[in-house]
Amino acid sequence: YGDVSEEDFAEEILKGFVCSVGHKYQFKDGMIDWSYNPTFNKYVEFTYHLQYHSEMLILAWVYGRMGDERYAARFDYMINSWIEQAECPEDMGGGLTMLWRTLEAGLRMGTRWPVFINHFIHSPSVPDRTWVNMFKSIWEHGYRLLKNNTQRGHNNWVITEMVGLATMGVCYPFMTDAKGWLDTALRILKEEID
């Protein structure tokens, strides 16, 4: 987001701006198309990095400091629009989809969505339906990371995937699959370390 503060960029996010791989773009009327790529050369990383949900992370941090419900309301729109547009693929290799690559899925679960929950859980601007949608999607992330993770020894991918899966196992112990997520992630991470 360049040389502006998090607070200033949060204001831009309210107007529909995103920033991916150093390219800032404003979606018309603030309506995000999560698969869109506005770069002149169709640089594929723009779309991949958009799935990091960095703008929502900034909204969470700024909301945590300021308590401004505009940020929570924008988060509510953004997370629901992503969930609606990004249907979880059933059994498709980890890198074979723009919105559900397992690298980004692991990153979202390991470093983004737990922060969203922590910061917005008590916001009156984030209704119960959003939490239902998010926890359904969290389970889908677990399914995808468990079934479609990357081959061992494949650079940072499998590590990022397993950090996300382990984080899910720790953060959501009330989910039936949580223990399996954690056990599998720790086993694979140990294999990678060895």
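Owing to the predicted nature of the structure, the values given are computational and were not obtained by experimental measurement. (Residues numbered from 1 in each chain as written. Predicted model: local features only at pLDDT ≥ 70, side-chain atom pairs only at ≥ 80, totals over all residues. Heavy atoms only, no water.)

**Q** How would you summarise the pairing of strand β2 (residues 23–26) if you had to cite specific residues and measurements?
**A** Bridging between strand β1 (residues 17–20) and β2 involves four bridges; their strand directions are antiparallel. The residue of β2 that forms the bridge with F17 is Q26. What sits between β1 and β2 in their antiparallel hairpin is a turn of two residues, with V21 showing a positive phi close to 45 degrees. (Pairing = 2+ DSSP bridges. Helix = DSSP H or I, 4+ residues; strand = E, 2+ residues; numbered from the N terminus.)

**Q** Could you give me a rundown of unusual backbone geometry, with the residues and numbers involved?
**A** The phi angle at D29 is positive, at roughly 60 degrees, despite the residue not being glycine. Following the sequence through the fold, D29 ends up in the loop between β2 and α2 (45–50). Since its relative accessible area comes to 66%, D29 is described here as exposed. Phi is positive for K42, close to 55 degrees, though the residue is something other than glycine. K42 sits in the exposed class, given a relative accessible area of 53%. (Buried < 20%, exposed > 50% of the residue type's maximum accessible area, 1.4 Å probe, protein only.)

**Q** Summarise the packing of helix α7 (residues 156–171) against helix α8 (residues 178–193); cite the residues concerned and give the values.
**A** Contact pair α7 / α8: the axes reach a minimum separation of 7 Å and the direction vectors enclose 145 degrees. Two packed elements cross with a definite hand, and for α7 against α8 that hand is left-handed. Together, V158, I159, M162, V163, L165, A166, M168, G169 and V170 of α7 and A178, W181, L182, T184, A185, I188, L189 and E192 of α8 make up the contact between the two elements. Tallied by class, the residues present in the contact of α7 with α8 amount to 14 nonpolar, two polar and one charged. (Axes fitted to C-alpha atoms, helices over the stretch in contact; angles between N-to-C directions. Left-handed = near helix turned anticlockwise from the far one by under 90°. Contact = heavy atoms within 4.5 Å. Nonpolar A, V, L, I, M, F, W, Y, C, P; charged D, E, K, R; others polar.)

**Q** Residue-level account of the packing of helix α1 (residues 6–14) against helix α3 (residues 54–66), with values.
**A** Between α1 and α3, whose axes approach to 9 Å, the crossing angle comes to 120 degrees. Here α1 is positioned oblique relative to α3, judged by the angle of their axes. In this structure, the crossing between α1 and α3 has a hand that is left-handed. Between α1 and α3, the contacting residues are E6, E7, F9, A10 and I13 on the first element and E55, I58, L59, W61, V62, R65 and M66 on the second. (Parallel < 35°, antiparallel > 145°, perpendicular 65-115°, else oblique.)

**Q** Account for the pattern of salt bridges, with residues named and values stated.
**A** Tallied over the entire structure, the rule returns ten salt bridges. Here R65 makes a salt bridge to E7, at a shortest N to O gap of 2.8 Å. Of this pair, R65 sits in helix α3 while E7 sits in helix α1, placing them 58 residues apart in sequence. Judged by relative accessible area, which is 48%, R65 ranks as partly exposed. Two residues, R70 and D68, come together in a salt bridge whose shortest N-O distance is 2.9 Å. The class for R70 is partly exposed, based on a relative accessible area of 39%. (Salt bridge = Lys/Arg side-chain N within 4 Å of Asp/Glu carboxyl O.)

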